[in-house]
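Structural overview for review
This is what each chain is made of:
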Amino acid sequence: MNEKVPLTSIYYQMSDGWLLEVAVQHREPGLVSVMTCRSGIEEGKDLSVNPFVHPNIQWKNLRHQAQNFPARRMGCNRNCGLITGAVIGAVVALFGGILMPVGDMLIEKTVKKESVLEEGTTAFKNWVKAGANVYRQFWIFDVQNPEEVAVNSSKIKVKQRGPYTYRVRYLAKDIITQDSKTHTVSFLRPKGAIFEPSLSVGTENDTFTVLNLAVAAIPHLYPSTFVQIILNVLIKNSNSFMFQKRTLKELLWGYKDPFLSLVPYSIPTTVGVFYPYNNTADGIYKVFSGKDDISKVARIDTYKGKKHLSYWPSHCGMINGTDGATFPPFIEKNRVLQFFSADICRSFYAVFGAEINLKGIPVYRFVLPSRVFASPLQNPDNHCFCTEKIISKDCTLYGVLDISKCKEGRPVYISLPHFLHASPEIAEPIEGLSPNEEEHSTYLDVEPITGFTLQFAQRLQINMLVKPAKNIVALKGLKHNYLVPILWLNETATIGDEKAEMFRNQVIGKINLLALIEMILMSVGAVIFIAFTISYCACRLKNAK
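Residues numbered from 1 in each chain as written. Predicted model: local features only at pLDDT ≥ 70, side-chain atom pairs only at ≥ 80, totals over all residues. Heavy atoms only, no water.

1. Considerations on the pattern of salt bridges
The final tally for this structure, using the stated rule, is 15 salt bridges. R136 serves as the salt-bridge partner of D343, at 3.3 Å between the closest nitrogen and oxygen. Of this pair, D343 sits in the loop between β15 (337-341) and β16 (346-358) while R136 sits in strand β4 (residues 134-143), placing them 207 residues apart in sequence. Owing to a relative accessible area of 3%, R136 belongs among the buried residues under this scheme. Two residues, R410 and E408, come together in a salt bridge whose shortest N-O distance is 3.1 Å. Owing to a relative accessible area of 65%, E408 belongs among the exposed residues under this scheme. Taken together, the salt bridges that share partners define one network made up of R136, R169, D343 and E491. (Salt bridge = Lys/Arg side-chain N within 4 Å of Asp/Glu carboxyl O. Helix = DSSP H or I, 4+ residues; strand = E, 2+ residues; numbered from the N terminus. Buried < 20%, exposed > 50% of the residue type's maximum accessible area, 1.4 Å probe, protein only.)

And the structure:
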């Protein structure tokens, strides 16, 4: 009876890196027959161990026998390496993916922390005192034909002269009080203006022919015929007329009016477009700190103790938004930015206009839309800003706003420079105007992550309404109303080069670096995973053949 000869599998690592699985049959001591030779091995075999066979097997004969069979490059060392590489790639890509929401969460947490208006934060430091120089530029409308207008009611010919530049908002906020219970901050804003000759076309002593502010206001302040007759005598005695010559300094910051000085009872005798200004303060403001709700940071809660201005009815009198210097962080393009201006006694709003690059910092430009000064017919929300029916022609005129109620009854109207976006008939009696969207519009450039305003231009024109008055010699020659432009201004600021570099490094640079690391990890991990997976599959396919 023939005894069945057992088969033995021998795993042999050749010196040149080839791995053989040799099935041998032991027929007698010292002699084996090679039955099969293949490169595949059973799962779980340790390739690093030395080959183990029966002690009587002659290695020399085995190697000689093995050379007669086609051995293929293996196998486990390579396959395991490929699998390991693919796993590493997947882990790297996964880490990059996880880093995105985690990184965004860390950025959001840091920005929210630094945006709160409290001691020690970046926002508080820049809020207390403007981080950039703020300038107010003035262009004066110099009247070229004053006598023709006063006598014949001719068109007013004006010539724009400027800019004359002052530095403003250079004083830090004063009397700052934190309220931890209501999470608000109260403060006063000191006012001051310093003339900047290097940024101006002339000096403060340059002279202009402008409207006589005191004379023009009489028909509005004193509609009584009897009072006007008396005041007319004082006007003639003071040698005052519809127009006057004044220096820049007098027109802006105040002068002692000769006509008012003759009034026999006690009244203010100093007149100026911005009088009083220097050494005064605006406020008290109370704004939210954002400590409990970052979406409310810097938003005005009350102004002079009020949440609603008495000059306008309904929602028009609401004090909305911030002062325009900063807004809550993480601004979207579809957001409407609201801000309050005490100078013109109302809140405004701006809408997204464009993305621009400001000194290497991506910002959103928000612009003041024409609807802000639209008539109630064009924008029904403006119905409560129309407080009189005659001058506005039953609220159909647009492009100007009567703010006389917050200017002690003086007939002051504001508009965009050169009556931009105003009814054509408003500018019709004036020659020399040239409205331009680029030069005369208002905008704010806001960094969307922090909500900081890094550049802005607030442009407005100040006008006075002059009406015919038969009892006042200086005005009786007029045949119709005039909305006389006095000046227009541009209050503007831009982040300085040093501050811009610091902002790029500390904010934009870190955010961009984190985003770059995330993309690199995801990209490299994905490439490694795909490359090793493809190689592994190719190897298996080749082995199967």
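On we go.
2. A short note on the state of the cysteines
One pass over the full model with this rule turns up three disulfides. With a sulfur-sulfur separation of 1.9 Å, C316 is cross-linked through a disulfide to C384. The disulfide joining C316 to C384 has a torsion of about 70 degrees about its S-S bond and is therefore right-handed. Taken as a pair, C316 in the loop between β14 (300-303) and β15 and C384 in the loop between β17 (361-367) and β18 (400-402) lie far apart in primary sequence, 68 residues in all. (Disulfide = S-S within 2.5 Å.)

3. Quick notes on helix α5 (residues 213-221)
Counting buried positions along α5 gives seven out of nine residues, so the element sits mostly inside the fold. Taken together, the buried positions of α5 are L213, A214, V215, A216, A217, I218 and P219. Among the residues of α5, the N-terminal cap falls to N212, whose side-chain oxygen and the backbone nitrogen of A214 are separated by 3.3 Å. (Polar contact = N/O pair within 3.5 Å; in protein donor to acceptor, adjacent residues only side chain to side chain.)

4. Some remarks on the packing of aromatic side chains
The tally for this structure, following the rule as stated, stands at 19 aromatic pairs. Pairing F187 with Y285 gives two aromatic rings, centres 5.3 Å apart and planes at 5 degrees, and the pair type is stacked. Of this pair, F187 sits in strand β7 (residues 184-190) while Y285 sits in strand β13 (residues 281-288), and the two are 98 residues apart along the sequence. Of the two residues, F187 and Y285, both sit in the buried class. Ring geometry for W312 and F385: centres 5.1 Å apart, planes at 75 degrees, overall edge-to-face. Separated by 73 residues along the polypeptide, W312 in the loop between β14 and β15 and F385 in the loop between β17 and β18 bring together distant segments of the chain. Within the aromatic cluster, the residues linked to one another by ring pairs are F124, W127, F187, Y285, Y303 and F340. A cation sits over an aromatic face here: K296 above F288, 4.2 Å from the ring centre. Its end group placed over the ring of F348, R346 keeps NZ or CZ at 4.4 Å from the ring centre. (Phe/Tyr/Trp six-rings, centres within 6.5 Å; stacked < 30°, edge-to-face > 60°. Lys NZ or Arg CZ within 6 Å of the ring centre and 35° of its normal.)

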